[in-house]
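What follows is the residue order along each chain.
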Amino acid sequence: MATASDTAGPRSGAPAVNTSETIISIEGMHKWFGQFHVLKDINLDVKRGERIVICGPSGSGKSTLIRCINRLEEHQQGSIVVEGTELTGNLKNIEIIRSEVGMVFQSFNLFPHLTVLENCTLALVWVRKMPRAKAQEIAMGYLERVRIPEQAEKYPGQLSGGQQQRVAIARSLCMNPRIMLFDEPTSALDPEMIKEVLDVMVELAESGMTMLVVTHEMGFATAVAHRVIFMDAGEIIEQNEPSEFFNHPRHERTKLFLSQILSH
Amino acid sequence: MAAVPIEDRGLLARLWGNQETRSVIVQIATMAIVFALLALVLRNVAINLEAIGKEFSFDFLTAPAAYDITFSPFIDYTSRDTHFTAAAVGILNTLLVAVCGIAAASVLGVTMGILRLSRNWLVNRIVYVFLEFTRNVPVLLHILLVHGIVVTTLPPPRRAIDLGGTAFVSNRGFFAPSPVFEEGSGIVAAVFVIAVVAALAFRRWAKRVQVETGKIYSVFWICTAIIGGATAVAFLALGAPLSWDLPALKGFNFQGGLALRPEFLALWLALSYYTACFIAEIVRAGILAVSHGQTEAAYALGLRPNRNLQLVVLPQALRIIVPPLVSQYLNLTKNSSLAIAIGYMDIVATIGGISLMQTGKEMETMLIVLGVYLVFSLLISAFMNWFNRSIRYKER
């Protein structure tokens with residue numbers, strides 16, 4: 001829990017967002033899985049460079065919310081606008097948005113039949129239509145940033161969980177996204193590997209990346225986030241800057257949730 | 001009571017107490033038992049053959065077979081040919097139905113497997129019902145069913161179903177025009193081969209261009225255009241050196257053209273759709289076994305659905321699909337021995353059937369049949385093992 005704040009050092013809270021430009025705008029968004037109303041009237045504006053941590057009990061719709069932003073899930077009502085492009089059934093728009101938005105999954109989802117380097121260059125070669133040498137150069141750059149260039153020729157199955165997740169982050173960064181979505185990036189990791197992944201994420205935050213992170217790492221939230229959003233039963237219950245959020249939660253459900261995750 | 005120290009026990013007890021020597025002892029004992037059983041069986045055979053006055057020899061293979069084979073598309077066989085030739089006809093007929101069956105079962109199976117994953121409820125259910133019905137009825141019944149349909153419900157040749165005046169369906173089989181190659185068709189064939197080589201060269205070149213510049217060509221369509229275009233141009237330039245030999249009704253049956261006899265048709269169709277049902281389930285399972293997270297990761301990186309299938313899902317699904325697929329091919333090949341039920345002259349019906357009856361050489365003919373199936377099976381398994389090794393994931 002304290003790992004991220006160790007790395008983040010003495011900075012108390014994150015620096016203010018230096019721009020007021022809205023990069024993601026979600027208005028009146030609803031989503032159903034069959035009969036189940038999973039997201040209810042979501043309204044959320046994200047500024048460029050803003051870092052948001054989303055937390056809440058399991059089943060509260062937090063993963064579904066960020067998965068709607070790159071259309072891995074389809075919303076049924078309301079609007080989502082990313083970088084001025086609205087997400088509709090329009091395939092061209094979906095393609096544009098997916099190329100702007102990177103995503104890191106809880107279960108890594110590296111391609112097991114490709115080497116680490118090939119995992120990173122796949123989209124550069126087939127989506128960005130880049131020469132292989134140039135793609136490899138970019139990929140090696142990001143693998144160095146996540147501190148595993150020496151594993152480039154190995155296969156995902158030969159790496160530890162923490163290493164795999166760092167490769168997954170590098171793979172997303174290769175596409176040079178404006179926004180990064182993290183869906184519980186450390187939940188599948190052993191405790192000693194959580195730190196190496198959070199360190200990479202903190203560095204990414206320092207570079208000014210717009211980030212939406214679903215996580216229960218409250219140390220990370222305190223050190224890095226501009227805003228913490230609490231969701232329950234498909235609704236945004238409360239949002240605030242981290243210190244206010246943790247020290248003075250206003251809502252009963254928030255208090256209950258915080259007491260549960262901080263009690264041990 | 002204290003245990004006796006190991007050094008104080010007898011030699012055998014000490015060897016038995018050691019993990020390595022014990023395993024050697026067990027292996028020696030196993031081998032001894034296997035060889036003893038084998039020797040017993042062979043001795044039994046030798047004594048019994050002697051008792052009924054038979055000798056073990058393959059000399060009969062060079063004697064005239066003296067029986068007709070109704071279906072011999074590759075060898076010009078007559079009843080004056082030897083048992084060896086009859087066996088060769090049987091082996092080729094087995095191979096023919098196996099190869100045609102594998103081809104048809106693969107196409108049909110992959111199609112049904114993908115349709116089974118369709119979100120269209122009706123398509124999905126229709127395929128499902130067909131699969132479940134077919135898979136759970138013995139293949140012999142399917143063969144008899146299709147043969148029955150062909151022989152009893154189709155009209156006789158004189159009232160054959162006419163498909164545009166060139167092909168005919170009757171209870172004597174399916175008759176289609178066969179191509180007759182005229183002068184110049186050799187050149188067309190040569191052009192075709194050159195076009196295939198050119199297309200392969202283009203593919204390599206396109207791959208290199210992609211590596212160097214990133215430009216992506218639609219390789220499949222361009223290769224198709226090269227091969228199809230060049231062959232068509234050569235064909236027309238040489239004055240279309242190809243004509244068709246049309247089947248025509250002469251007397252009681254059709255003459256000329258390409259004839260598929262009802263036995264072959266029934267065996268081929270029944271084996272194909274029966275095996276296709278198993279292949280469909282294998283394909284469906286293979287695609288479903290690739291975690292949906294892989295597709296999500298590919299989409300999140302901006303890959304389109306067809307690229308996701310080509311670069312992410314299929315390479316992983318193939319590793320799961322190929323081994324059981326090969327064993328289905330093996331099953332189809334072995335199931336073709338049911339040909340005997342409808343009189344298709346395969347290896348079992350020729351050398352293992354009529355030749356056996358006529359010469360009384362049970363041991364020898366059965367050994368030949370056994371050997372043939374064994375060689376087919378071992379070849380297929382060798383391929384499967386090689387393929388498995390070459391695509392295995394690298395893990396710790």
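Owing to the predicted nature of the structure, the values given are computational and were not obtained by experimental measurement.

**Some thoughts on a nonpolar patch on the surface**
Line of reasoning, step 1. On the surface, a cluster of nonpolar side chains totalling about 450 Å² of accessible area is made up of B:Phe56, B:Phe58, B:Met363, B:Leu367 and B:Leu370.
Line of reasoning, step 2. With respect to the helices, strands and loops of the structure, B:Phe56 is situated in the loop between helix H2 (19-51) and helix H3 (83-116).

**Describing the pairing of strand S4 (residues 77-82) of chain A**
Residue and element names in this part refer to chain A.
Line of reasoning, step 1. Relative to S4, strand S1 (residues 22-33) is paired through 5 bridges, and the arrangement is antiparallel. Along S4, the bridge assignment pairs His30 with Gln77.
Line of reasoning, step 2. In the sheet, S4 pairs with strand S5 (residues 85-86) via 2 bridges, with the strands oriented antiparallel. If you follow Val82 over to S5, its bridge partner there is Thr85.
Line of reasoning, step 3. Taking the residues between adjacent antiparallel strands as the criterion, S4 and S5 are bridged by 2 residues, where Glu83 takes a positive phi near 50°.

**Observations concerning the interface of chain B and chain A**
Line of reasoning, step 1. Taken together, the 29 residues of chain B in the interface contact 32 residues of chain A.
Line of reasoning, step 2. Counting every contact that joins chain B to chain A gives 2 salt bridges.
Line of reasoning, step 3. Where chain B touches chain A, the interface holds 6 residue pairs in polar contact (both at pLDDT 80 or more).
Line of reasoning, step 4. Those elements that provide at least two residues to the side of chain B that touches chain A are helix H6 (185-213), helix H9 (292-300) and helix H10 (305-335) of chain B.
Line of reasoning, step 5. Here the side of chain B that touches chain A is built from residues that sort into 12 nonpolar, 8 polar and 9 charged.

**As for the domain arrangement of chain B**
Line of reasoning, step 1. Each assigned domain of chain B is listed with its residue range as follows: domain 1 (83-174 + 261-391) and domain 2 (178-245).
Line of reasoning, step 2. The centre of domain 1 of chain B, based on its C-alpha atoms, is set 30 Å off from the matching centre of domain 2 of chain B.

Rules used in this analysis
Residues numbered from 1 in each chain as written. Chains lettered and ligands numbered in written order. Predicted model: local features only at pLDDT ≥ 70, side-chain atom pairs only at ≥ 80, totals over all residues. Heavy atoms only, no water. Patch = residues over 30% accessible without salt bridge, like charges linked within 9 Å, V, L, I, M, F, W, Y side chains within 5 Å. Areas by Shrake-Rupley, 256 points an atom, 1.4 Å probe, with all protein chains shown as cover. Salt bridge = Lys/Arg side-chain N within 4 Å of Asp/Glu carboxyl O. Helix = DSSP H or I, 4+ residues; strand = E, 2+ residues; numbered from the N terminus. Pairing = 2+ DSSP bridges. Contact = heavy atoms within 4.5 Å. Polar contact = N/O pair within 3.5 Å; in protein donor to acceptor, adjacent residues only side chain to side chain. Nonpolar A, V, L, I, M, F, W, Y, C, P; charged D, E, K, R; others polar. Domains from an automatic or database assignment.

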